[in-house]
Amino acid sequence: MSSSLFSELEARRHDDRLVERFVRTGRSGGLELILDESPTGSATAMSSFPCGFPPVSSTERVETFLLQPGNTSLGNPSRAQKFWPREKNPSSILHYDVSTCTVESTVDRANNSLHLLETGNHKNPEISSSETSSLLVIDPSTIIAKERGHISDLLSCPPGFSEGMTFKTPLRNTADGPKGGADLTSVLTEDIDIENLMADRPESPTTEKDDDEEEEDTDDGLALPEVTLTKKTTATISSWATVVDSADPVVDFHRQLPNMAMTWPFELDPFQKQAILHLERGENVFVAAHTSAGKTVIAEYAIALARQHMTRIIYTSPIKALSNQKFRDFKTTFEDVGLLTGDVRIKAESSCLIMTTEILRSMLYNGSEVVRDVEWVVFDECHYVNDAERGVVWEETLIMLPPHVHIILLSATVPNTVEFAEWIGQTKKRKIYVIGTMKRPVPLEHYLYTGNSHATSKEMFLLVNSSGKFLTKGYQDAVNAPKLRSGGSKSGASGKDFKGRNVKQDFNIWQSIITRLHKDNALPAVAFTFSRKRCDEYASGLRSIDLTTNDEKSEIHVFFRKSVSLLKGTDQKLPQIKILQGELKRGIGVHHSGILPIMKEVIELLFQRGLVKLLFATETFAMGVNMPARTVVFDALQKHDGASTRYLLPSEYIQMAGRAGRRGLDATGTVVTLCKDKVPEASDLHSVMLGLPTRLISKFRLTYNMILNLLRFDELRVEDMMKRSFAERELQREVQRVALEHDELKEKLANFDDGNFSKCDDIHAYYETYKDIEKLEQKVQSCVLRSSQGAKVLTPGRVVLVSSAEYCRSLGVIMKATGGSGSRFSTSQPSLTVLLLPGEAQDFTLRTPMSGGVLMTMCQPSSPVKHCIVTVAHSAVIAITRATLKADWDSLAFQHSRHGDANDKRLLGVVQELLRVAENYSTGVETVHPIQDLNIKDLEFVDAVRDLERKRERLLTGFQCVDSPHFSEAFRKAEEKYALSERLSHVEYVLSDDSLQLLPEYGQRVQVLKSLRYLDDQSRVQLKGRVACEISTHELMITEMVFQNVVSDLEPAEIVALLSCFVFQQKRCLEPNLTKTLQSGKDAILQLAFSLTELQSEAGVTSEADDYVENLHFGLVEVVFEWARGKPFCDIIGLTDVQEGVIVRCIQRLSETCHDVRSAARLIGDPHLYDKMDEAAQLIKRDIVFAASLYTR
């Protein structure tokens, strides 16, 4: 106790009202002195102490206790046990007794909204927690004030549970209640079936009983309260994913969360409330909401929650630009925010770290200590998993996250959110709660614009209203508008080209639509144009358009000059900066990858402030950037994707159109499609605007970096990574289904009773031969059907034997043959129209050989005879007979296609003829011989036919079991055992690594790594492999360059120039003018790329991503070389036709590559190369290329 308290005691030592009390604290049984003032001056007896109140007779003893506690028995817990021994009595928790005094304990957890502030009774010291930090005060003056059943405000649903119980005490006479104690043993040992209890209860949430029924249910013991199950949230539940009902308004949200970790000045939407409730319970959520619905609120609350818990949170984004923007947004709300990207590192020790997903993956592979303190990881724009090149990064990161990290997934609306969440939950072994939105917060209206001048600017027709209904009238009006304008007929057709259009007419169209939008107060607008060149042309060509006031021009000028002043003097005069400054003053901006990064940020910030009224942008502007507009305009609905010109996918259209409509400002968002050449077909418009978004599809692929990193550690095998990938989700579901079946099948096979039939010792050999014949028959029949000879036989009138899921060995006649080219290697899918006589399934075990063909048993037609006409694939034909029927098949087929087979006497005649054929084949169907009749001479095919004939002959004459009277029973036993064995083999295959789709490719890549000595014969990572682990891109190429000294003798500027071929991705540009040294280095790199590509081809690796020759682009070698030599940026842009923004991005990525090569030089112990790479990184890191982001200032 402190000296100040002792002084106070000295001053009050003669106070008669001073009452000394002791309390037990902690589990050790130690005591502390509590002083209280009693108006009577007497102490109340401490009846709750086992041995009475400890004697204290004078203040001198109090002074001794306070100053020298070690000299007293009370100061030594071990000695104190002598006075108050505690006996262990665990069974006492099963008994309830009414106490005359209470121990009050206040449990106050971390200050979140789910903390418990309830009182409890701690009678038994055996169950008191040693970690309790609250002070348990025994006050003898306190008499129990709360009887059982009077406690209110208790949680009816525990945190983490979807359902709870409400305890309602039945009405009863207190005089009939239990006297004294009540034994709970019988209650605790009784099994209560909650599921049956739920099923048996009526629909109403509560059930009222009259007093008579209440009395009948009451015994002399403890009266059990009535239980009412309450649904907390309506949800659809699967094994690992739970879909939360987004229509639930969560009316008791503030009651459940009275003390939120973060609040907002607006009312949260239901999906936001539901997500926050799950975050408070420490659960994982997948939020798939419409664009601009407010998904960031969930991320902000997770950040606040992590700060409250004194843990860390990581926020990942797919692109660096989005990371910078989120850093600025979160920094204004939370002070402790850091940023980690490829070339920027700001406050890496912060509790909230914003980074790209690639950075987080590197942390996981390297075992970063940062991850140890992380409680949450937010994956923003996780639908980016569909990206062909980088989607694998998301899957790797999700798989490798440690178990203690909770996951928050934010995505646009996709059809298979539950499937994706199911995969994550199955992989991480935890429940994922899927939360979505039913509709956009601001509905959209979609228009077609056919005007081409100011006079026709009214030609804007509503195509899809705010309810999502496609308006046919609006479409017809749009189609007819150009016809009416030119005086033509009104019955125009969609897809018809308008009159010839030139560049000037393009500008007229844009002027007319901008004037219309400006007049309708529908600005600001984003105009999506799928060409960087056209974006620049439109913005610069609309010089007559001025959308800003004088005050806005002044504000734009001040902000622009302030931002540009951060650049070097010569960089401020770049042509692109001057052009953009003039356009911005008129309220027009341009946003695409060719714009300088700092200029893109200037345009974004001005757009957010409402100063840019019209923004020409490519689709990258819609990738996660939260910058809504009043209107979105599409220059066209078609784009070139690198292979062909196609219509936009629904997900692409929704992503861009979703930028229309500002929440809280606009009642609806406007989306306008310009019809310059023609009005698209209605089906195409409907598919683009109202089609389903693209499903989340796995882009998982093996990379050498992944293989080497995983082989270095034992925690996760490469096979385990493949198993847990999204691509293998179906296999893993089957693994879960068959895992328990494996032991059961083994036990059945071990205890299988063969029957011990006489003369059936060779029944299993017989059955194996029988199964071999079946496989050979399928192989031979498949070759026959693919051959040109088989196509000639399968003509109308040919009688065949058809077997499928609906029809078993049914006799039929071909009426019509369609498709197929007659080539053996044809990939088309031919089909046959067949008239069948269906029959009942029968037992088939024997085949009888005969000269010139084979007799095959068939199903006899059912009685009464019925026929049907079906279309089957060629694979359904299991036998081609020698019989043919004559009829006018073309006429019959045409008649059937038009009117069916009703009352067609000719068809009934064919049925009668087919019945006679069936009678002739009652003992077996005579089939054509594939060699003698069809004259197929292929050597492999002939060998298969001969082998089939030998096995058939042996099947009938080479086994003793066929003469046994118990043959059928023995055959059934063998068939049953074979089926069990086959099933066990399949189960073992599924449970093994051999079932993985990528396992063959994994073996091929390991072979390549062993050939290059990255791995030894035991697949242990060698020095070259450890170096490759440090390389983030083109790991094999750069590692081989280092070990083969391709760049060791070059100057730093030359090295960094040649390395640009690994990061520059534009295929078409001016050919650079290279020095002899650079040309020699280029040739050496290409030669190395050829050798690696050839080595991979020999091993069987054929992935396009690993075609090194095709993926190397040397278009910026000269530009980077001159930049590294110190030339200003205004000089190097004249050396190429590549746009400024692409050049800057390439050089920025080169900084990361230089760091990778420097790390490789450190590992191999090459100080000269290390110094050169360090110098190269410093040479390129200057001026406008590495100007700090406006978002990080």
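Not measured: the values here are computed from a predicted model.

Two numbers describe how helix 17 (residues 550-564) lies on helix 19 (residues 597-608): the axes approach to 11 Å, and their chain directions differ by 150°. Judged by the inter-axis angle, helix 17 sits roughly antiparallel to helix 19. Handedness of the helix 17/helix 19 crossing: right-handed. Facing helix 17, whose interface residues are Ile556, Phe559, Phe560, Ser563 and Val564, helix 19 presents Ile598, Met599, Val602, Leu605 and Leu606. In terms of residue class, the contact of helix 17 with helix 19 is built from 9 nonpolar, 1 polar and no charged.

Here we come to the sheet that holds strand 17 (residues 444-449). Strand pairing in a sheet relies on backbone hydrogen bonds. The paired strands run either parallel or antiparallel. The strand order across the open sheet formed by 7 strands is 18-17-25-22-19-21-20, and the pairing between neighbours is mixed. Bordering the open sheet on either side are strand 18 (460-464) and strand 20 (588-591), each of which pairs with just one other strand. Recorded for the sheet is a direction-independent mean angle of 25° between the axes of neighbouring strands. As paired elements, strand 17 and strand 18 share 4 bridges and run antiparallel to each other. Residue histidine 446 lies in a different strand from strand 18, and its bridge partner there is valine 464. Contacting strand 17, strand 18 and strand 25 (669-674), helix 21 (residues 682-690) crosses the sheet at an angle of about 65° to strand 18.

Turning next to the nonpolar core. One finds Phe634 and Phe1129 to be the most contacted residues of the largest nonpolar core, which totals 214 residues. For this core, the leading source of residues is helix 38 (residues 1140-1164), giving 10 residues. What phenylalanine 1129 contacts, discounting residues up to four positions off in sequence, is Asp571, Leu574, Leu596, Trp1123, Glu1140, Ile1143, Val1144, Ile1184 and Val1185.

Note that glutamate 1118 resides in helix 36 (residues 1117-1124). Buried and without a salt bridge, glutamate 1118 has lysine 1127 as its closest oppositely charged side chain, separated by 7.1 Å. Dropping the residues within four chain positions of it, glutamate 1118 is found in contact with Pro1072, Asn1073, Leu1074 and Leu1135.

Relative to the assigned elements, aspartate 1171 resides in helix 39 (residues 1167-1180). A relative accessible area of 48% means that aspartate 1171 is categorised as partly exposed. Considering only alpha carbons, one finds aspartate 1171 and alanine 1161, 10 residues apart in sequence, at a separation of 9.0 Å.

Quick notes on the rules
Residues numbered from 1 in each chain as written. Predicted model: local features only at pLDDT ≥ 70, side-chain atom pairs only at ≥ 80, totals over all residues. Heavy atoms only, no water. Axes fitted to C-alpha atoms, helices over the stretch in contact; angles between N-to-C directions. Helix = DSSP H or I, 4+ residues; strand = E, 2+ residues; numbered from the N terminus. Parallel < 35°, antiparallel > 145°, perpendicular 65-115°, else oblique. Left-handed = near helix turned anticlockwise from the far one by under 90°. Contact = heavy atoms within 4.5 Å. Nonpolar A, V, L, I, M, F, W, Y, C, P; charged D, E, K, R; others polar. Pairing = 2+ DSSP bridges. Core = buried A, V, L, I, M, F, W, Y, C linked by side-chain atoms within 4.5 Å. Buried < 20%, exposed > 50% of the residue type's maximum accessible area, 1.4 Å probe, protein only. Lys, Arg positive; Asp, Glu negative; His and termini not counted. Salt bridge = Lys/Arg side-chain N within 4 Å of Asp/Glu carboxyl O.

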